[in-house]
Amino acid sequence: MEEFAGKVAVVTGGAGGIGSATATLLAQRGATVVVADLDPEAGERMAAELTATTPGTAEYRHLDVTDGREIGSLADTLVSAHGRVDWLFNNAGIVENSPTLELSQTVWDRTIAVNLTGAFLCAREFGRVMAAAGGGVIVNVSSIAGLKVVHPEIHVAYDVSKAGVAQLTRTLAVEWAPLNIRVNAVAPGYTRTPILDAVGRTDPAIVADWVGQTPQQRLMEPADIAAVVCFLFSDAASALAGHVLAADGGYMVY
């Protein structure tokens, strides 16, 4: 359970949902986890709990993934504190459902800024750290909505941003392979997160529709996605570069 001991991993959006599940699994396997999030209360609570209950350690760091200077400053701070950053989980993201004819430019710009530009900025800043250290691993979060058109929900800004993350993953994997930086992505299916739970409370029929479209006939759990992410970080995935792995209960092939 401690095969990740000695590794330093940054998890953006690490205070909840898939981010917190991944931070937990990384710490359970012995890693030092940086919970990077906008929410200091949830982030501090998460870091304290992991430090107290797992073989690894955790710390909270405030991070706005749309602010390149803040990301660069955090990268420098972590190198000073730990000597390196081995892994980056680019998880922070937002989504807003809206018919395209009613979609405001404000929502479009914000979604692209967080989901796509944020992934690029974090990859660039922590990629510099990894390149200087001789290598590292980056795992991005795309989505099934970035690989095909999903329904019945409508969120074109989210779809485009996640398609961009998939291509960012492939491009960086090729460019950075000579630097010994592996870049892959996970594309979660319909996953039981606070956002999805809120949808279920307001419209249970939509959730039932999603489950019906999934061959496994269930929602994914955050722990399901975390397990894929940790596999991609592990040496067992050393031959994988530029892949976007759908963790979706079979949705993409149905």
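Since we're looking at a predicted model, the values are computed, not measured.

Would you explain the overall build of the protein chain in this entry?
Of the regular secondary structure elements, the protein chain holds eight helices and seven strands. Its C-alpha radius of gyration of 17 Å places the protein chain within 12% of the 18 Å reference for a compact globule of 254 residues. If you line up the protein chain on its principal axes, its C-alpha atoms span 50 × 35 × 35 Å. For the protein chain, the accessible surface area stands at approximately 11,100 Å², while carbon and sulfur atoms represent 55% of it. The averaged location of the 27 negative side-chain charges in the protein chain is 5 Å from the averaged location of its 16 positive side-chain charges.

Whenever I open this one, the pattern of salt bridges confuses me. Can you help?
Opposite charge on two side chains permits them to pair, given that their charged atoms come into close proximity. Following the criterion strictly, the structure yields eight salt bridges and no others. For the salt bridge of Glu41 with Arg45, the shortest nitrogen-to-oxygen distance reads 3.9 Å. Note that Glu41 and Arg45 are positioned in helix H2 (residues 40–53) at a spacing of four residues, about one turn of the helix. The partly exposed category is assigned to Arg45, whose relative accessible area is 49%. Put simply, Arg218 and Asp224 hold a salt bridge, and the shortest N to O gap is 2.9 Å.

I keep staring at the packing of helix H4 (residues 105–133) against helix H5 (residues 156–176) and nothing clicks. Help me out?
As a packed pair, H4 and H5 sit with axes 8 Å apart at the nearest point and diverge in direction by 15 degrees. Considering their axes alone, H4 and H5 lie roughly parallel with respect to each other. In terms of crossing hand, the pair formed by H4 and H5 is right-handed. Taking contact as the criterion, the partners of Trp108, Thr111, Ile112, Asn115, Leu116, Ala119, Phe120, Ala123, Arg124 and Gly127 in H4 are, on H5, Val156, Ala157, Tyr158, Val160, Ser161, Lys162, Gly164, Val165, Leu168, Leu172 and Trp176. Residues that form the contact of H4 with H5 fall into these classes: 14 nonpolar, five polar and two charged.

Honestly, the pairing of strand E6 (residues 181–188) in this entry has me stumped. Any pointers?
Within E6, eight of the eight residues are buried, leaving the element largely enclosed by the surrounding structure. Side chains of E6 alternate between two faces, with Ile181, Val183, Ala185 and Ala187 and Arg182, Asn184, Val186 and Pro188 buried alike. Two strands pair when backbone bridges link them, and strand E5 (residues 136–141) and E6 are joined in this way by six bridges, in the parallel orientation. The residue bridging Asn140 from the neighbouring strand is Ala185, located in E6. Remark: the E5/H5/E6 crossover connection has right-handed handedness. Bridging between E6 and strand E7 (residues 244–247) involves four bridges; their strand directions are parallel.

I keep staring at the sheet that holds E6 and nothing clicks. Help me out?
The strands making up a sheet associate through hydrogen bonds between their backbones, and the pairing can be parallel or antiparallel. Taken together, the seven strands give an open sheet; going across it, the order is E3-E2-E1-E4-E5-E6-E7, and neighbouring strands pair in parallel fashion. Where the open sheet ends on each side, the last strands, each with one partner, are strand E3 (57–62) and E7. Adjacent strand axes in the sheet meet at a mean angle of 20 degrees, parallel and antiparallel pairs treated alike. H2 rests against strand E2 (32–37) and E3 of the sheet, and its axis sits at about 170 degrees to E3.

Scoring rules and cut-offs
Residues numbered from 1 in each chain as written. Predicted model: local features only at pLDDT ≥ 70, side-chain atom pairs only at ≥ 80, totals over all residues. Heavy atoms only, no water. Helix = DSSP H or I, 4+ residues; strand = E, 2+ residues; numbered from the N terminus. Rg over C-alpha atoms; globule rule 2.2 N^0.38 Å. Areas by Shrake-Rupley, 256 points an atom, 1.4 Å probe, with all protein chains shown as cover. Lys, Arg positive; Asp, Glu negative; His and termini not counted. Charge placed at Lys NZ, Arg CZ, Asp CG, Glu CD. Salt bridge = Lys/Arg side-chain N within 4 Å of Asp/Glu carboxyl O. Buried < 20%, exposed > 50% of the residue type's maximum accessible area, 1.4 Å probe, protein only. Axes fitted to C-alpha atoms, helices over the stretch in contact; angles between N-to-C directions. Parallel < 35°, antiparallel > 145°, perpendicular 65-115°, else oblique. Left-handed = near helix turned anticlockwise from the far one by under 90°. Contact = heavy atoms within 4.5 Å. Nonpolar A, V, L, I, M, F, W, Y, C, P; charged D, E, K, R; others polar. Pairing = 2+ DSSP bridges. Right-handed = clockwise from strand over helix to strand, strands pointing away.

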